[in-house]
Amino acid sequence: EAQVTQNPRYLITVTGKKLTVTCSQNMNHEYMSWYRQDPGLGLRQIYYSMNVEVTDKGDVPEGYKVSRKEKRNFPLILESPSPNQTSLYFCASSPRRVRSEQYFGPGTRLTVT
Amino acid sequence: ILNVEQSPQSLHVQEGDSTNFTCSFPSSNFYALHWYRWETAKSPEALFVMTLNGDEKKKGRISATLNTKEGYSYLYIKGSQPEDSATYLCASDNNAGNMLTFGGGTRLMVKP
């Protein structure tokens, strides 16, 4: 089944404890992206990747890192999480960079205390 | 940061009513306008990707139009059903596919 998977789906952690949220797609998509969703603010793009080893900042990259060493994986790294990173996170992928619909993962609900 | 706005923020309709909502986006450097449907506890799913001025797309009872010169798109739902209850998101690509900027969404609730 063609899909985007994320793990974990739910995570409660403490301030400063490094964490990684994994994202994997099995559709051979070039483009991958991370979003966060906060009430009243809509989906905001954190980072995106146009292909392997090519990543760039979105609108809200502060406090996050990403890597794209393989085409299928695009992990989101929080080196030192803070409470303002409590949010619902979505990974998405699309076949092409331009004019192509995005396929979203199931979401990861992160709480930082 | 681009400004993509959707109205209304929320909408309650009766089953069988037809409804529409608006997405406004910057018309400069326009590449594409996306519509997504997002049900509670699920992930957003793509409805349409629209690129040409005057474009009209249809999927079942849902259709969308696009005006790139004035920077707006309408989403129409004909004969709303309870299963249409969801948040409808639009997103504008004004950066050659590098980034999508999402609007805040319109939350539709259809009462049986």
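The structure this text deals with has already been given above.
Residues numbered from 1 in each chain as written. Chains lettered and ligands numbered in written order. Predicted model: local features only at pLDDT ≥ 70, side-chain atom pairs only at ≥ 80, totals over all residues. Heavy atoms only, no water.

Engineer: Describe the sheet that holds strand β3 (residues 19-24) of chain B, with residues and values.
Structural biologist: Backbone hydrogen bonds are what pair the strands of a sheet, in a parallel or an antiparallel way. All names here are of chain B. Strand order in this open sheet of five strands is β1-β3-β8-β7-β6, and the pairing throughout is antiparallel. Each having just a single partner strand, β1 (5-7) and β6 (56-59) make up the two edges of the open sheet. Neighbour-to-neighbour, the strand axes of the sheet open up by a mean angle of 15°, direction not taken into account. Pairing analysis gives six bridges linking strand β7 (residues 62-67) to strand β8 (residues 72-77), with the strands arranged antiparallel. Considered in β8, the bridge of A64 is made with L75. (Pairing = 2+ DSSP bridges. Helix = DSSP H or I, 4+ residues; strand = E, 2+ residues; numbered from the N terminus. Axes fitted to C-alpha atoms, helices over the stretch in contact; angles between N-to-C directions.)

Engineer: Report on the sheet that holds strand β3 (residues 19-25) of chain A, specifying residues and quantitative values.
Structural biologist: Residue and element names in this part refer to chain A. Strand order in the open sheet made by the four strands is β1-β3-β8-β7, with antiparallel pairing throughout. Here the strands that pair on one side only, and so sit at the sheet edges, are β1 (4-7) and β7 (65-66). As judged from the three bridges shared by β3 and strand β8 (residues 76-78), these two strands associate in the antiparallel manner. Bridge assignment links T20 to a residue of β8, and that residue is I77.

Engineer: Quick one: what's the story with the interface of chain B and chain A, residue by residue and with numbers?
Structural biologist: Across the boundary between the two partners, chain B contributes 23 residues, which contact 22 residues of chain A. Taking both partners together, chain B and chain A bury about 1800 Å²; carbon and sulfur atoms supply 59% of that area. Area buried by chain B at its contact with chain A is led by N98, M99 and F102 of chain B, which between them contribute 27% of it. Linking chain B with chain A are zero salt bridges. Where chain B packs against chain A, one counts three residue pairs in polar contact (both at pLDDT 80 or more). Only β4 (32-38), β5 (45-50), β9 (86-93) and β10 (101-102) of chain B provide two or more residues apiece to the side of chain B that touches chain A. The dominant element in the side of chain B that touches chain A, judged by the number of residues it contributes, is β4 of chain B, at four residues. (Contact = heavy atoms within 4.5 Å. Buried area = accessible area lost by both parts, 1.4 Å probe. Salt bridge = Lys/Arg side-chain N within 4 Å of Asp/Glu carboxyl O. Polar contact = N/O pair within 3.5 Å; in protein donor to acceptor, adjacent residues only side chain to side chain.)

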